[in-house]
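In case you want the letters, here they are:
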Amino acid sequence: MERDETLTRRRLLRTGTVAAGGVLAGAVAGSAALAAPATAKPASRRAVRPPALRPGDRVRLVAPARPADPNLLGRGVQILESWGLTVELGAHVYDQHGWFAGTDEARLADLRAAFTDPGIRGVFTCRGGYGAQRIVDRFDVSGVGADPRVFVGFSDMTSLHGRLWRAARTTTFYGPLMNWSDARTGPASIESLRRAVMTTDPVTITRNPAESSAGVLVPGVASGVLLGGTLTMLGTSVGARDFPDLTGAILLIEDVDEAPYSVDRMLTQLLRVGALDGIAGVAVGQFVNSVGVAGYDLGTVLRERLGGLGVPVLGGLPLGHGQDQLTVPLGVKATIDAEAGTLVTEPGVR
């Protein structure tokens, strides 16, 4: 989703397009009812990690949703090339078909080509908005596990992360799109992405007190496989083949331009269908431009909806649509320590 555009993913999803295709910390400090258990049993999942990218590797940029902006994409290409990577563009990244980067068939063809060319070692997505859900069910990942490669994206790409995990058990990276804006994703974002995909170091994300979700905290420590993404995309994937089994997992959620009542509705849906049953913990990223009413803001919603799960919840993580977005691997073992304010993951590459 992109805030500077009149046509938003939320509006598209709610007009029927999809059918076609801490707790505030002070509030819970002494609450035994909301305190989380000290440990949680993670689900047994064996992840397939791609090799770390190295200088000279070929990487492909694709646009499964909206078309790339030539100027912004040029900056993304520049960043990747500065790491010694050889950058190629998918054939349809600049195509225009309504609000999409070409037809469904064209976007799917670019995605398939990027994952079947044996010389491509990384796939970076260009732009979000909406479009991945229209093609995700036809995305054949049958050979991906045997030849895994780095995959990077967020927002609308949540569906593709889920598909790659469920069907191929490959780790992926929840990080910036290549439609790059230095004003939002500056040096810290660049270095975080580089370290995540080009080194085998563990990834540590630390709570940022300035984030709107930073006051959300349920004390405790929990470990599990890190899964999730943009809350809107998770909610509209329930029952589909890209929605992950969250049993024993650490759920990552973030979003943009969703009022607190909307966040409440989406979390309530996940609770009602049992999607959060057996979850180990929740990592709350950036909720940008979530404007509520006096006395009932985003923190209140997250407290009421997540506080009763009985698991650790850590807010304020700089992951998602906000300023200085960082990169984190999905599909790897992660540990949240709510009181220390840290999310630590295993590396997403080998």
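Residues numbered from 1 in each chain as written. Predicted model: local features only at pLDDT ≥ 70, side-chain atom pairs only at ≥ 80, totals over all residues. Heavy atoms only, no water.

- The name given to the chain in an unreviewed UniProt entry is Peptidase S66, with the source organism recorded as Plantactinospora mayteni.

## Some points on the sheet that holds strand E9 (residues 250-256)
In sheet architecture, strand pairing relies on hydrogen bonds along the backbone and comes in two forms, parallel and antiparallel.
Link 1 in the chain: Strand order across the open sheet formed by 8 strands is E6-E14-E13-E8-E9-E10-E11-E7, with mixed pairing between neighbours. At either margin of the open sheet sits one strand with a lone partner, and together these are strand E6 (203-206) and strand E7 (217-218). (Pairing = 2+ DSSP bridges. Helix = DSSP H or I, 4+ residues; strand = E, 2+ residues; numbered from the N terminus.)

## Things to note about the confidence of the model for the chain
Link 1 in the chain: When pLDDT is averaged along the chain, the result is 90, and 87% of the positions lie at 70 or above.
Link 2 in the chain: This stretch, residues 1-7, has a pLDDT under 50; its non-local contacts, to residues over four places away or in other chains, come to 25 contacts. (pLDDT = per-residue confidence, 0-100. Contact = heavy atoms within 4.5 Å.)

## As for the pairing of strand E10 (residues 281-288)
Link 1 in the chain: Across the 8 residues that make up E10, a large majority, 8, are buried.
Link 2 in the chain: Relative to E10, E9 runs parallel, the two sharing 6 bridges. If you follow Asp255 over to E10, its bridge partner there is Phe287.
Link 3 in the chain: Where E10 lies against strand E11 (residues 313-314), 2 bridges are found, and the strand directions are parallel. Within E11, the position partnered with Val282 by the bridge is Val313.
Link 4 in the chain: With helix H10 (residues 298-306) bridging E10 and the parallel E11, this β-α-β connection has right-handed handedness. (Buried < 20%, exposed > 50% of the residue type's maximum accessible area, 1.4 Å probe, protein only. Right-handed = clockwise from strand over helix to strand, strands pointing away.)

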